[in-house]
Amino acid sequence: MDRFTDAAGFETLAIHAGQAPDPATGAVVPPIYQVSTYKQDGIGGLRGGYEYSRSANPTRTALEECLAAIEAGTRGLAFASGLAAEDTLLRTICKPGDHVLIPGDAYGGTYRLFAKVLERWGVAFDPVQLADIAAVRAAVRPETIAIWVETPTNPLLGIADIAALAQVAHAAGALLVVDNTFASPYLQQPLTLGADVVVHSTTKYLGGHSDVVGGALVVADPALGERLQFHQNAMGSICGPFDAWLTMRGIKTLGVRMDRHCANATAVAEMLVRHPRVAEVRYPGLPGHPGHDVAAKQMRAFGGMVSFRLTDGEDAAVRVCESTRLFILGESLGGVESLIEHPARMTHASASGSPLEVPADLVRLSVGIEDRDDLLQDLEQALS
Ligand SMILES: *Cc1c(COP(=O)(O)O)cnc(C)c1O
């Protein structure tokens, strides 16, 4: 970070923050320090502070500094997965008796963590429609210690007003946590809008190539950063050096990839809106989307995820998912290749029967960065 001031632009930070050329060799990319322990020059004589790679590893440090820079935070921490990051955060900030508000259509794994794991440890939660600020304010209790935000949400692509929710949280003495996985820091920087913690599944847009699973936390407050770092070491669900290296490699091209994801997704959404077999398109870039104005205010562009509902119900949705040739039928999102899936039977099957159940005629697209016309043609043939 030393070579950069706060004034450096996003793409510059994405390529250089935390990644000065290696002092020993001049290597322009941080090496993969595939090592568990470090020689001490006399007891406690650490070189650069490294003693054991659960506590810190130079490749992971490079990624963590880069993450802090691109999210405009003071501290970044890298984990084995997005859910490992979430678990570490929640066990750092929650104690028995505490209460957290979560999105009415939270990511299924986040919901499962609250419903099946944390509830047994005495942490209560309530799903709430985050687009409705009055409803959020009414759902806050004296025990509420955090409001957990996703925007855009998965898979319904709802939008929440981060700055407004930060005010509600802070008035209640609670933290505002934003899962920024869907937008990525290139499109939206929650800490600059008043959030206290940013969560990522770096598996998605940050990694960007469907070749690594990882997670991250970034915070504004250095004291909270210290507590999280203590728990990261105490709990141990860290990002390994090779995964850190792959994630850094992905982040370098985040800006150019997101520009293309957004352009392709816009073209796909506009094509779907006009299609007679499509009943509804959910994309925050469409002027008719209920969160369009808020999204335009807090995002640079509208992202690469598009969901739509079929006029002919669940069977038609399943047929479309099984008929594309270029869009690959699969879970996950945010990679360079386009993916298609049926949330009710795939990513969100575990939400069936819960308040987070998703419509059965819904199809979710992660629009990749392939040739736009090829993508449009593939969807046309799958819909016909
Ligand atoms: C995938 C995802 C997660 C979980 O991340 P993993 O890396 O799969 O553990 C959390 N939040 C959102 C929005 C996601 O899409």
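See the structure shown above.
Residues numbered from 1 in each chain as written. Predicted model: local features only at pLDDT ≥ 70, side-chain atom pairs only at ≥ 80, totals over all residues. Heavy atoms only, no water.

Asks: Just to check I follow, could you spell out the site of the ligand for this structure?
Replies: Inspection of the region around the ligand gives 13 residues, with Gly82, Asp179, Ser201, Thr203 and Lys204 positioned closest. Interatomic distance of 2.9 Å between a backbone N/O atom of Leu83 and an oxygen atom of the ligand. In this structure, Lys204 approaches the ligand through a side-chain N or O atom, which is 2.7 Å from an oxygen atom. Contact with the protein chains hides 91% of the accessible area of the ligand, taken as 380 Å² for the molecule alone. By residue number, the principal contributor to the shell around the ligand is helix α3 (residues 82–93), which donates three residues. Taken together, the residues that form the shell around the ligand break down as four nonpolar, six polar and three charged. (Near = heavy atom within 4 Å. Polar contact = N/O pair within 3.5 Å; in protein donor to acceptor, adjacent residues only side chain to side chain. Areas by Shrake-Rupley, 256 points an atom, 1.4 Å probe, with all protein chains shown as cover. Helix = DSSP H or I, 4+ residues; strand = E, 2+ residues; numbered from the N terminus. Nonpolar A, V, L, I, M, F, W, Y, C, P; charged D, E, K, R; others polar.)

Asks: Can you walk me through helix α2 (residues 58–70) in this structure?
Replies: With 13 residues, α2 should cover 18 Å at 1.5 Å per step; its first-to-last C-alpha distance of 19 Å lies within 8% of that length. In terms of burial, α2 is a largely internal element, 11 of the 13 residues being buried. Taken residue by residue, α2 has Pro58, Thr59, Arg60, Ala62, Leu63, Glu64, Cys66, Leu67, Ala68, Ala69 and Ile70 as its buried positions. At its buried positions, α2 is contacted by α1 (10–16), β1 (75–79), β7 (215–219), α7 (222–235) and α8 (241–251). One or two steps after α2, the chain reaches Ala72, where phi turns positive at roughly 55 degrees. (Expected span 1.5 Å × (residues − 1). Buried < 20%, exposed > 50% of the residue type's maximum accessible area, 1.4 Å probe, protein only. Contact = heavy atoms within 4.5 Å.)

Asks: Looking at this model, I keep getting lost on the nonpolar core. Mind explaining?
Replies: Formed by 78 residues in total, the largest nonpolar core has its most connected members in Ile147, Leu176, Leu272, Val306, Phe308 and Leu365. A total of eight residues in this core trace back to one element, the largest contributor, which is helix α9 (residues 254–273). (Core = buried A, V, L, I, M, F, W, Y, C linked by side-chain atoms within 4.5 Å.)

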